[in-house]
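Results of the structural survey
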Amino acid sequence: MIGKELIKGMIKPIVFQMLLKKERMYGYEITRSVLENTSGKITLTLGALYPVLHKLEASGELSTTAEAVDNRLRKYYTLTKKGRKTAVQKTEEMSDFIDALYLLWHQHTNE
Amino acid sequence: MTMKLSDATILRIKQELGTQGINNRYLQSELSDHIASDMEQMMDQGLGEEEAWSSAFAKTSGIELEVTAKQYGGILNSRFFRMKFFLWISFGLFAISWLFSSPAGLYAALLSFMALGLTFILLSVDFFRSRKHHAANMGFAIGSLLSALLVSSGFALLFLMIRFHLNTRGHGVDLMIFSYLVFASVVFLYFLRQRRLSISREGKQKMNWFILFSGIQLLLAILSFLSLPFYAWAVEHIWILIWAILAVNLVSLILLLIRRIRNIMFMILLLLSFMITFIHSPLRRFLPAGKPPISQTIHP
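Only a predicted model underlies this, so the values are computations on that prediction, with no experimental measurement involved. (Residues numbered from 1 in each chain as written. Chains lettered and ligands numbered in written order. Predicted model: local features only at pLDDT ≥ 70, side-chain atom pairs only at ≥ 80, totals over all residues.)

**A short note on the overall build of chain A**
Helix and strand content of chain A: 5 helices and 3 strands. Ordered by position from N to C terminus, the α and β elements of chain A give α-α-β-α-α-β-β-α. The burial tally for chain A puts 27% of its 111 residues in the buried class. Residue pairs at least 24 apart in sequence account for 49% of intrachain contacts in chain A once pairs closer than 6 positions are excluded. (Helix = DSSP H or I, 4+ residues; strand = E, 2+ residues; numbered from the N terminus. Buried ≥ 20, exposed ≤ 12 C-beta atoms within 10 Å, placed from the backbone. Contact = placed C-beta atoms within 7 Å.)

Dropping the structure here:
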């Protein structure tokens, strides 16, 4: 399990990555999908995920639609045109960052 | 088969979130869906409802919820900040216009109607930006923009008539009343839509209040609009309508304050109907600005 502090700065790229893979997702679905895809290592808490989603919505990078599901309303998030552009850029940046970290760690163990 | 929580449990989740400081209806609805989905997932794996409840809430600390609520409140405030700002400017300038007689008061009144027009434009932009959420938002955006144009140009005509004695044939008032009718229709339809979308009982009840108040405003707007083609006949009775609108505005404002219900759209509608009606009401005679000259020259 990865600590909260480490995950904190990664939530935005994670959300972008999830929404690039699947066009429309709701909050719990993102949490669940991240948990399953990381074999339970990354848990996005409610208090960590929603402030990021709301900020991205306010900045116009995510758009939302509300739908009645069973006996409650469900809010779905989708990348906007602007958001898609940012998402591609941020995920590429993240990918480079992961590669750089890998190199650093790999080098470190060799030494 | 996927377990589904009952309405009572959903309501209980919302109440619990409420006790933890999540009072905004939209945020409460979104977070309750998250917790309910989490509970259903755990119940699918064999947990009982109470165990799933405890487990779902154990994952969420009070501090995290507090931060989420604060940040959401901040986002909402910044979204409506400019609208509220222009609404207050509009009301402030309108109040100032009662204190000075023409031309200073008249210029203040002109600026106040322009500020009101700007509020409508901001509302229209907000609807336009969220046009993808609901198809009706595009209609609301057009209605709000039309109201902005009508109310601003309506008072501009009145201003030209009073200040520069331009013969506008009373069209200034016509345009402002048309703006009242258009915007009252927008607000009424908006609340009808919101009621349809509300799932919780409290949400529907709140919307019922707004539908009632905006429905009365729409009725008064229709009566005002109908008085235009029949002005010669209606002129004797128009004071009844003026007093009725002012009384409805006052009662709506008091009831909303008592029930602590706030809504920017409804406040804009209240201010619009108040400003349009007040400049034609006999009440203005008691203020330092004195009897408004426009009341003598509305329909030459």
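We are not done yet, so read on.
**Quick look at helix α2 (residues 25–44) of chain B**
Residues and elements named next belong to chain B. Helix length check: α2 (20 residues) gives 28 Å between terminal C-alpha atoms against 28 Å at 1.5 Å per residue, within 8%. When you tally the buried positions in α2, you get 14 out of 20 residues, the bulk of the element. Looking one or two residues past α2, G46 carries a phi angle of roughly 105°, positive in sign. (Expected span 1.5 Å × (residues − 1).)

**Some words on the sheet that holds strand β1 (residues 24–26) of chain A**
Residue and element names in this part refer to chain A. Pairing is antiparallel across the open sheet formed by 3 strands, whose spatial order is β1-β3-β2. Edge positions in the open sheet fall to β1 and β2 (62–69), since each of these has one partner strand only. The sheet shows a mean angle of 35° between the axes of neighbouring strands, taken without regard to direction. When β1 meets strand β3 (residues 72–79), the two strands line up antiparallel, connected through 3 bridges. (Pairing = 2+ DSSP bridges. Axes fitted to C-alpha atoms, helices over the stretch in contact; angles between N-to-C directions.)

**Concerning unusual backbone geometry**
Its identity as a non-glycine residue notwithstanding, S39 of chain A has a phi of 50°, on the positive side. By the secondary structure assignment, S39 of chain A is in the loop between α3 (27–37) and α4 (46–58). Positioned with a positive phi, H165 of chain B is a non-glycine residue whose angle comes to about 55°. Take H165 of chain B: it is sitting in the loop between α6 (136–164) and α7 (171–197).

**Some details on the interface of chain B and chain A**
Opposite the 26 residues of chain B that make contact, chain A presents 20 residues. Listing elements by their share of the side of chain B that touches chain A, those giving two or more residues are α1 (7–19), α2 and α4 (62–97) of chain B. The biggest single contributor to the side of chain B that touches chain A is α2 of chain B, with 9 residues. Residues of the side of chain B that touches chain A, tallied by class, amount to 9 nonpolar, 9 polar and 8 charged. (Nonpolar A, V, L, I, M, F, W, Y, C, P; charged D, E, K, R; others polar.)

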